[in-house]
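Structural description and commentary
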Amino acid sequence: MNNTYDILIIGGGAVGCAVARELSRYCLSVALLEKEWDVAAGTSGRNSAVVHAGFNNKPGSLMAQLCVEGNRGFEAACRALDVPYRKTGKLLVAFDREDLAVLARLKAQGEENGCRGLALLDQAQLRERLPQVGGIGAMESPETGVFDPFLYTVALAENAVQNGASLFLGHEVTGIQVVPEGFRVTAGGKVFTSRRLVNCAGLFSARIAAMAGVDGYAIYPCRGEYFILDKIADGLLPMPIYPAPKAGIGGLGVHLTPTIHGNIIIGPSAEYIDVPEDTSSTRPVMDQLFQEAQQLLPGLERKHIIGAYAGVRPKQAPPGEGGFRDFVIREEEACPGLVNLVGIESPGLTASLPIARMVRDILGRSMELIPKASFDPTRRGIVRFREQDPETQARLIAEDPDYGEILCRCQTVTRAEIRQAIENPLGVKTLAGVKYRAWATTGRCHGGYCLPKIAELLVKEYGLSPQEVTVRGPGSQLFTGRVKE
């Protein structure tokens, strides 16, 4: 097999997949290497799922510039990629006079960055806007939205592959050599060569840079833990609510966010950790999360909680400094042809498409980019039965009887949708891959009803042995052997 490409991209998060899609517009051979067995397996799939407006970022920074640009084009991109998105607006809530001063500063900063429609609310206006929310005032951001970050990353990857890019899942990079023709990269036991190399490795971006001979970068993993509330809590909150940010913390503070799927999430915390892969949920932090969330939304009850998860941010700011350092997006003078993206934390998802265009422009300085006449920027996803009107549901069942069988009762996911998730263009056949594409197993029963049915489908109709049914790929087998024949 010829593993020679014009451009290799390392990292299958939202930014890496956005870069692959952007470069697939041109007459280039492009490949993406991802160490996990699906895209969005790291930071891009474990976050608050918010499209940010750009007022939190320092004026003149790449974070500010690319976040505002990304926000303005995000809804159109989601339409083209068939990704669920909803513009909700957002409130930042003040609890004392110091918080009010922070909100006034953020409003001025946001307006300098180009954010639109920011407004300060006094306590009476806050009560009128959201009577269930605590606080003495707020700032409203009408351009904030919510979306599905996993499906967004999947859609970027699928559209890139649809336009000719190659995707290698389960290919962890273990070595990089700079050679006369460019780069020789060892990944997944194979050797790849390329003229250019783009490092989108997120939490491991400093490590990848060092493999290519570029030292001096450091990433400090910062874990954020979250609660997931049942859909019965959906009526409690129509938009994300955040506390006024405090100086020195590693994030934006504990907030409440309604998701695109009808749940509410509480979080994240901000805790520097030593191991980038440590996505544990911890009792003391989770207790603190709930207490802080009740300050924002006093009507919140523990009975609404159905799950928890954690994500890890790739921060450049070390413990003790906290806050944010700007994105690094540049071709390295010490290693021509290597484009490093380091410290792409929030708002990296919002900024992913303009980041990709910036990478394209950097590459275009030293190589010819000829547009493809055949490039198609659109992608169609799974047709969701639960979102259709009765007439459309009847038509779907008539066309495909599998739409008439519900496999996931909590989320009303049909057999047809599960099949579409299994038959995805990336070739992913893990339970997590099905979960995040079809949204099965995410309800109150956590897959107690549908997970065995999905596993049975994978075995009986897709040729997997029971021992090959995994949660996230090799090493996460669901079954280890038979207890009877």
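On a predicted model such as this, the values are computed, not experimentally measured, just so you know.

Calculation criteria
- Residues numbered from 1 in each chain as written.
- Predicted model: local features only at pLDDT ≥ 70, side-chain atom pairs only at ≥ 80, totals over all residues.
- Heavy atoms only, no water.
- Helix = DSSP H or I, 4+ residues; strand = E, 2+ residues; numbered from the N terminus.
- Rg over C-alpha atoms; globule rule 2.2 N^0.38 Å.
- Buried < 20%, exposed > 50% of the residue type's maximum accessible area, 1.4 Å probe, protein only.
- Contact = heavy atoms within 4.5 Å.
- Lys, Arg positive; Asp, Glu negative; His and termini not counted.
- Charge placed at Lys NZ, Arg CZ, Asp CG, Glu CD.
- Salt bridge = Lys/Arg side-chain N within 4 Å of Asp/Glu carboxyl O.
- Polar contact = N/O pair within 3.5 Å; in protein donor to acceptor, adjacent residues only side chain to side chain.
- Pairing = 2+ DSSP bridges.

Points about the overall build of the protein chain
When you go through the protein chain residue by residue, the secondary structure sums to 12 helices and 22 strands. For the protein chain, the C-alpha radius of gyration of 23 Å lies close to 23 Å, the compact-globule estimate for 485 residues. In terms of principal-axis extent, the alpha carbons of the protein chain reach across some 65 × 60 × 45 Å. Burial status across the protein chain gives 57% buried among its 485 residues. Sequence-distant contacts, at least 24 apart, represent 71% of the contacts inside the protein chain between residues at least 6 apart. A distance of 1 Å separates the average location of the 52 positive side-chain charges in the protein chain from that of its 54 negative side-chain charges.

Let's talk about the pattern of salt bridges
Overall, the coordinates contain 34 salt bridges when judged by the stated rule. With a shortest N-O distance of 3.9 Å, Arg116 and Glu143 are connected by a salt bridge. Placement of Arg116 in the loop between helix H3 (97-113) and strand E6 (119-122) and of Glu143 in the loop between strand E7 (137-141) and strand E8 (145-147) is noted, with a sequence separation of 27 residues between them. Its relative accessible area of 43% is what places Arg116 among the partly exposed residues. One salt bridge connects Arg325 with Glu321, and the closest N-O pair in it is separated by 2.7 Å. On the basis of relative accessibility, which here comes to 38%, the residue Arg325 falls in the partly exposed class.

A look at the side chain of Ser476
Within the element layout of this structure, Ser476 appears in the segment after helix H12 (451-462). Within the local environment of Ser476, its side chain forms a polar contact with the backbone oxygen of Gly473, the two atoms lying 2.6 Å apart. If sequence neighbours within four positions are ignored, Ser476 has contacts with Val469, Thr470 and Val471.

A word on the environment of Ser374
By the secondary structure assignment, Ser374 is in the loop between helix H8 (352-364) and helix H9 (390-399). Accessibility expressed as a relative area gives 59% for Ser374, which makes it exposed.

As for the pairing of strand E13 (residues 220-229)
For E13, the tally of buried residues reaches 8 of 10 residues, placing the bulk of the element in the interior. Bridge analysis of E13 against strand E18 (residues 305-315) gives 10 bridges, and the strand direction is antiparallel. Within E18, the residue paired with Leu229 across the bridge is Ile305. Examined bridge by bridge, E13 and strand E17 (residues 271-272) share 2 bridges and lie antiparallel to one another. The partner of Cys222 across the bridge, within E17, is Tyr272. In this sheet, strand E16 (residues 264-267) lies alongside E13 in antiparallel orientation, the contact comprising 3 bridges. Following the sheet pairing, Leu229 is matched in E16 by Ile264.

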